[in-house]
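Residue-level structure breakdown
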Amino acid sequence: DNQPVCASPADIQGSRLQDFEDTALQDYFTCQKPKIRDRKPQRVTAGEGQTVYFTCRADGEPAPVIMWVSPQRRMITSRSSGRATILPGGTLEIRFVQVHDSGTHICIASNAGGNDTSFAVLTVKVQRSEGALFANRTGALLEFNETAFNDTQVFLKFTLDLKTILVSTAMGCITFLGVVLFCFLILFVWSRGRGHHKNNFSVEYSFRK
């Protein structure tokens, strides 16, 4: 007994379809296929946790019913509950958008005369928390400081090694020159002493008787 009844015109309002003859149906009942007013594709980019809206308004006779299909092929109607709902007028509202909400959302306007569709593309970007940004910046700073410290260590090590080599070379040269001078001094003293040394001979004569 749940037969549809007429809403207009006033003279047949409340009448059931079975109360009309077939010839009368053609006079009273005409359908106009739905037509979405703005079929231009909608594109929205949002961050995680934001709320986005996609409009879908359609004309037709009888008035078209609006529903949406998510990228996961889930039907969203005016009776749907959750983050995604349809507002009066056919506008799709998605609260606290997530990355998996990204994709193409399809609006379907339908009535007894047919249906019409339009598309809306949603892109959800990951929002990085302040803590993560601070941690990344701190890590980069620590890495930079560590690199600078390592470079300083290498430079200091190289400098110290160079100084050690120079000091060792200088000490070796001084030692070598000292030995050479000492040898020259010994030779000089020896040569002077030889030049002043004289051999003394004493000759004794004995006469034979």
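Here goes a summary of the coordinates provided. (Residues numbered from 1 in each chain as written. Predicted model: local features only at pLDDT ≥ 70, side-chain atom pairs only at ≥ 80, totals over all residues. Heavy atoms only, no water.)

Within the protein, the secondary structure is distributed over two helices and ten strands. Listing every helix and strand of the protein by position from the N terminus yields α-β-β-β-β-β-β-β-β-β-β-α. By the burial criterion, 20% of the 209 residues in the protein qualify as buried. Here the contacts in the protein between residues at least 6 apart in sequence split such that 55% fall between residues at least 24 apart. Accessible surface computed for the protein: about 16,600 Å², of which carbon and sulfur atoms make up 59%. (Helix = DSSP H or I, 4+ residues; strand = E, 2+ residues; numbered from the N terminus. Buried < 20%, exposed > 50% of the residue type's maximum accessible area, 1.4 Å probe, protein only. Contact = heavy atoms within 4.5 Å. Areas by Shrake-Rupley, 256 points an atom, 1.4 Å probe, with all protein chains shown as cover.)

On to the sheet that holds strand S7 (residues 84-86), then. Strand order in the open sheet made by the three strands is S3-S8-S7, with antiparallel pairing throughout. Because the sheet does not close on itself, it has two edges, and the strands there are strand S3 (52-54) and S7. Taken over all neighbouring pairs, the strand axes of this sheet differ in orientation by 20° on average, direction set aside. The pairing of S7 with strand S8 (residues 92-94) spans three bridges and is antiparallel. Along S8, the bridge assignment pairs alanine 84 with isoleucine 94. (Pairing = 2+ DSSP bridges. Axes fitted to C-alpha atoms, helices over the stretch in contact; angles between N-to-C directions.)

Taken together, Leu185, Phe188 and Val189 make up a surface patch of nonpolar side chains, about 300 Å² in accessible area. Structurally, the position occupied by leucine 185 is in helix H2 (residues 130-196). (Patch = residues over 30% accessible without salt bridge, like charges linked within 9 Å, V, L, I, M, F, W, Y side chains within 5 Å. Salt bridge = Lys/Arg side-chain N within 4 Å of Asp/Glu carboxyl O.)

Let us look at the side chain of glutamate 93. Within the secondary structure, glutamate 93 is located in strand S8. Overall, glutamate 93 belongs to the buried group, its relative accessible area being 12%. For glutamate 93, the side chain forms a polar contact with the side chain of arginine 95, separated by 2.9 Å. Not counting residues up to four positions away in its chain, the partners in contact with glutamate 93 are Thr51, Val52, Tyr53, Arg83, Ala84, Thr85 and Leu87. (Polar contact = N/O pair within 3.5 Å; in protein donor to acceptor, adjacent residues only side chain to side chain.)

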